[in-house]
Each structure stands twice: as structure tokens, then as C-alpha cells.
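One-letter residues, chain by chain:
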Amino acid sequence: MRNAFASEITALAQHNPNVVLLSGDIGNRLFDKFKEAAAERFYNVGVAEQNMIGVAAGMAMTGLRPITYTITSFTTARCLEQIRVDVCYHNLPVTIVGVGSGLGYASLGVTHHSCEDVACLGALPNMTVLAPGDAFETRAALRAAVAHDGPVYIRLGKKGEPKVHSEVPTNFKIGKGLILQEGDAVCIISSGTVLPVAMEAGKRLTEAGLPARVVSLHTVKPMDEVLLAECSARYAVIATIEEHSILGGVAARVSQWMTANQVTDTRLLTFATADHFMKTAGEQDYAREHYGITADAIFEQVRAAATRKKLQRTA
Amino acid sequence: MDFSKGTKDVSELERIAAAIRGQIVTMSHVAETPHLGSSLSCADIVTAAYWAVLKLDPRMPDAPDRDRFILSKGHAATTLYTALCFRGFFPRHILDHYNENGSPLAEHPGPGSVPGVEAATGSLGHGLPIAVGLAMASRIHKTPYRVYALLSDGECNEGSVWEAAMMAPAQKLGNLCAIVDYNKWQATGRSNETLNLAPLADKWRAFGWEVHDVDGHDIATLVRLMDQLPDGSGKPVAIIANTVKGKGVSFMEDDNNWHYRIPTVEEVSAAYKELGLS
């Protein structure tokens, strides 16, 4: 995802003279090509995230399209008030890109985990929140963000995540989930870098006689309400999957939507990080297992819920 | 009186500053809003900027090549609103309904609230980073303009001020000027006792700024220094404007109660008399 971001932002900068990249002192060599293509529009703003956001806002006030880039926990929580006041209150076209979102940098420790960013930034008026599922969605999300007339937050993983798409999805649109696999028994709504996990769970459920729809909900805000309405009407079991807290992320937002829309006959299963910090070291897969965000867990729990639902309906 | 035209005449600028002070005392009284001492403190700086320094046209508040002025100490909003109104950015009746329900003019300026407000401020430590971004954008667009940010001394408690203060010289932003309204008070105490602010001019100098340590009520000096930008050195300019909180009204001067106190009708009359206003 990281390399896809660097490559795509370079291409965008070559075509759009208003694209400016602000890096918070990370990405050594990652932006060499950007610097070759547009040296006057690349700035290493140092380890100073509050200033980075303010500078981006000032630039955007003049018609530029700044993109800020650093580790997710630093570019969200550290400078949340700058994002709220400088960017969102002014409704400026600043794209805030966080790398290592969720548990992407699990082994670096809790300071580098980011499982609250969607809750925090998603609560800000004017903010659009994107969580692409693979490198191809990252490219599409970035294109859409730069073209969007308002603040956008993109939560990226790290590098080397498995690709799910085979090319950049041409039907990517902010606020519209992508259906990657159709199935009529259960529905899995995945957001962000856990998409390959969701695909694996969907495959196993389908093989087990429960054809699963898998959705990449790359836009967390605004929610794709049309898709939610259709899924709620069609499926007895819906599962949400994300590398984010159960509080304020996709699970919370889907649940809120279902409550508001009186969806009572659909079982909602949520796979998200619990409301506690990890106390042990470990890689991303270990951290996912710690929080129960695995294909095994999804497969077992969705299958059990679907079986119960079937029994209830038969009775 | 019509103050809509710019001027470099110092006595005229002093008359304008006095009129602004009278107006903001009235606004504090009528709307019962605080921060009067802070607003009086910077009236001369704001007058110098809007009448004698900034390249602007109130009829074209969004002109890409205009000079920008960011009131980073957003709690002095009445000074900014009054200056913008007197200078012709928006009509008087809007100012007269300051902070009433439904008014565009809140106690701290909102984005696009009235023409001329460049940035929403009110949370301290935001204006200078935005000003740095604006100053850098001038270079990217190849559109020369100057950017001024007015900070309070209490605001210099905020770490984000110093993040921006380190970046501006690194980027050689000769088109950027930070003015610190150094009235030696913050909301609840002496600014040099709260955090170790002094020596303030030396701090900015050490960060790489061209620093001028001046009387912040000497309009002629303020105009001269602010208008020197850019001087070709590539260094951003910091003006440490030594001011008196509550300046212009003797019983408010250097009395920090006026950070929050609201003047009575008798105090408004007394203030007008002292300011030479009728």
C-alpha cells in the first residue's frame, strides 16, 4: 500500500500542478521519484504534526491540494485539533494519509497502533474517511481524494499486503462499497487492510455451503446507506470486519444505522479490536488473533449464527 | 467618520486606532463579551496592518495576490471585525449586531463569517502554521504576497507556535511576519511567570528570525517594520510588539481583570472621553 501510495501520488502530481506532498519525516527514499517529478512541491516538514496540518490548511486556502503523510497514530491523534479546526472547520481539500493504520505496525508497540482514528476523525463534520482494502484500492482512493472538494482521511496499511483486486477498480466511488464476491447466504462487510482475511472467510463459508457476499467498504464516512439497506433486507447474518476499535468504527456505524432503520431480523456480528491496549509484543497476525480478527473466527462465528438463524426461521 | 481609505499618515492612523478602541469597548459592553484588554492591546498593530501595510482591496477580498493577515489571537476578534468593517469589507449593521443570535460575528472569528476574515481562530497556536502554509503557497503559485500573523504572548505557550517558528526560517520565508502582542499578561497571570517566556526576542532570534523588539503602540515604527517585507534576506520577520493590555483606557491599562470584565455604561462613557471620542 505504501509503495502504491508513493507511485500514485507521483503520477497525480505530474498531472495536477496543485498537488503538494508534506511528509512528517518518514518515507526515506520512498518519494525520490516524486521529488524528481515535482521538487518544489515536496516538503519534509519534520516531526511536527500539528504544524504540518496547519501548513497544509494554509496551502489549501490558496487552491493547492496538499497531502500530508506520516504514521497514522501521529497524524491523527497528535494533531486532532488542527484537523478539526484548520482543515474541517474551513472545509479545505486537505488529504490526510496515515500509514501503518490499525495493527499494521503491531510489532512497534501500542504507540504505533491506531485503532481509534476512524472514531476520532469520523466524528468531525466535513470529513470523509477512506479505508482502502489493498494497493489497487489505495490508488483509486487517492485519486478520488485529490479530486474531492473537502477534507479526506485515508487510512493505509504498510507495505506488501496481499492484493485482492487485479487492477485499479474503475467503479471506485467515495461512499459506494465494492462487492467483490457475491453470495446469497451471509454478508461480510470488510473495511481496510483486513480485506484478504474477509475474502478468505468468505471463501470458506461458501465452500461450507453458505455462499457469502464480501463487500469492501472502503468508505467509512459517508456510509453507503443504499448498500446497507439492500444487505439488511437480504441477509440474516451480516459480519463487519475492521482493524479498528469496536467503538466508533464500521461496527459501530453499521450498528447505529441498523438501529435507526429498525433492522430487527438481521444478526450483526462484529470483528474489531476490543477496548483495551495490548500488553504483549507481536506481529500483525498475532495482534489480529489477540483481538479475534481472523478468518477462522469469522468462519466459525458466522457459520454458527447462520445455522441458528436458519433453525429459528424453520421453527 | 469614513475610515475606508488606506493611509500612511500617522495622526490619521492614531485617530483610526482610537475609533477602533471606542468601538470595541462598546461591543464588549453591548454584547457582554470578554477579552476587552486583549483587544485594546493590539488595536495599533491591527490599524497599522489594515490601513498602512497590507496590499488589499476590500471589494476583492479573495484576490489571489492580496496580502494576508491572520489574527492568531482570535479572542481579539472585536478588533479585527471593527477594522474590517471600518475599512469597508462589510457593512456597519453587521458589526452592530455582533454576537447576537444569528449573527455571523461570534466571539471568535469563523471561516468565511464576513469578507476579510482569512482564517478561523480562537484556539491558540493555529495561526502561525497556517501563515507558514500561506507563505509557502505564494512561492509554489509564483504569486508574490506577504503574510502577517498576530499572536498573543500567552499563545506562545503552545508548542505548535514553535514548530512553525522552526519551519519558517528553514523554508526561508522572507514574505512572512509574526507579530507578538507582548502585553506581559495571559488569561490568569503574568505571562513570564506562567511559563518562562522571556527573553522572548532572543528566543525568536535563536529560532532564525529577523527580530525587532519595539513599542507595540508606536504606529509609525510598526508600519515601517511591517512594510519592509520582504527585505531580500529570506529571513522571516518577528516583531515583538511590547504593548500594554487594555491600552488607551487608563483604568483598564495593565489590569488583567479586563481579560474577562465587561464595562458598565459609565465606564464606556469614561473610555470614550479618554479616547477623545464623542
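Since the structure is predicted, the reported quantities are computational estimates derived from the model, not experimental observations. (Residues numbered from 1 in each chain as written. Chains lettered and ligands numbered in written order. Predicted model: local features only at pLDDT ≥ 70, side-chain atom pairs only at ≥ 80, totals over all residues.)

1. Structural notes on the overall build of chain A
Across its full length, chain A carries 12 helices and 12 strands. A globule of 315 residues ought to have a C-alpha radius of gyration of about 20 Å, and chain A, at 19 Å, matches this closely. Taken along its principal axes, the extent of the C-alpha atoms in chain A is 70 × 40 × 35 Å. Among the 315 residues that make up chain A, the fraction classed as buried is 57%. Put simply, of all contacts in chain A between residues at least 6 apart along the chain, 77% involve residues at least 24 apart. (Helix = DSSP H or I, 4+ residues; strand = E, 2+ residues; numbered from the N terminus. Rg over C-alpha atoms; globule rule 2.2 N^0.38 Å. Buried ≥ 20, exposed ≤ 12 C-beta atoms within 10 Å, placed from the backbone. Contact = placed C-beta atoms within 7 Å.)

2. What to know about the nonpolar core
In terms of nonpolar packing, the biggest core is built from 191 residues, with Val 186 and Ile 188 of chain A together with Val 132 of chain B touching the most fellow members. A per-element tally of this core places helix 3 (residues 43-53) of chain B first, with nine residues. Here this core spans two domains, and each of domain 1 (2-155) and domain 2 (178-314) of chain A adds at least three residues to it. Not counting residues up to four positions away in its chain, the partners in contact with Val 132 of chain B are Val 55 and Gly 58 of chain A together with Ala 164, Met 167, Ala 168, Leu 173 and Leu 176 of chain B. (Core = buried A, V, L, I, M, F, W, Y, C linked by C-beta atoms within 7 Å. Domains from an automatic or database assignment.)

3. Observations concerning the packing of helix 1 (residues 10-31) of chain B against helix 11 (residues 265-274) of chain B
All names here are of chain B. Contact geometry for helix 1 and helix 11: axes closest at 10 Å, N-to-C directions at 180°. With respect to helix 11, the element helix 1 is oriented roughly antiparallel. Contact residues: Gly 22, Val 25, Thr 26 and His 29 in helix 1; Val 265, Val 268, Ala 271 and Tyr 272 in helix 11. (Axes fitted to C-alpha atoms, helices over the stretch in contact; angles between N-to-C directions. Parallel < 35°, antiparallel > 145°, perpendicular 65-115°, else oblique.)

4. Let's talk about the sheet that holds strand 10 (residues 219-221) of chain A
Residues and elements named next belong to chain A. The seven strands are arranged 2-1-3-4-6-5-10 in an open sheet whose pairing can be described as mixed. The strands lining the two open edges of the sheet, one partner per strand, are strand 2 (42-44) and strand 10. In this sheet, adjacent strand axes meet at a mean angle of 20° when their direction is disregarded. Inspection of the sheet shows strand 1 (residues 19-23) paired to strand 3 (residues 65-71) by five bridges, in the parallel sense. When the sheet's bridge partners are listed, Val 19 is paired in strand 3 with Arg 65. With respect to the sheet, helix 1 (residues 2-15) is in contact with strand 1, strand 3 and strand 4 (95-99), its orientation differing from that of strand 1 by roughly 145°. (Pairing = 2+ DSSP bridges.)

5. What about the sheet that holds strand 1 (residues 68-71) of chain B?
Paired through their backbone hydrogen bonds, the strands of a sheet run either parallel or antiparallel. Residues and elements named next belong to chain B. Strand order in the open sheet made by the five strands is 1-2-3-7-6, with parallel pairing throughout. At either end of the open sheet lies a strand with only one pairing partner, and these are strand 1 and strand 6 (210-215). Here the strands of the sheet are splayed against their neighbours by 20° on average, with no regard to which way each runs. Sitting on the sheet, helix 6 (residues 127-141) is in contact with strand 1, strand 2 (147-152) and strand 3 (176-182), with an inclination near 170° to strand 2.

6. Digging into unusual backbone geometry
Residues Lys 221 of chain A and Pro 222 of chain A are joined by a peptide bond in cis, for which omega reads 0°. The topology assignment puts Pro 222 of chain A in the loop between strand 10 and helix 9 (225-234). Here the amide bond leading from Ala 198 of chain B into Pro 199 of chain B is cis, since omega sits at -5°, within 30 degrees of zero. The backbone phi angle of Asp 25 of chain A is positive, close to 60°, even though this residue is not glycine. With respect to the element layout, Asp 25 of chain A can be found in the loop between strand 1 and helix 2 (32-37). A positive phi angle is found at Lys 172 of chain B, which is not glycine, with a value near 55°. Among the secondary structure elements, Lys 172 of chain B is positioned in the loop between helix 7 (159-170) and strand 3. We classify Lys 172 of chain B as partly exposed; it has 15 C-beta atoms within 10 Å.

7. What to know about the pairing of strand 11 (residues 237-245) of chain A
All names here are of chain A. With respect to burial, strand 11 is a largely interior element, nine of its nine residues being buried. Note: strand 11 against strand 12 (residues 267-273), six bridges, orientation parallel. Among the inter-strand pairings, Val 237 is bridged to a residue of strand 12, identified as Arg 267. Crossover strand 11 to strand 12 through helix 10 (residues 250-260) is right-handed. (Right-handed = clockwise from strand over helix to strand, strands pointing away.)

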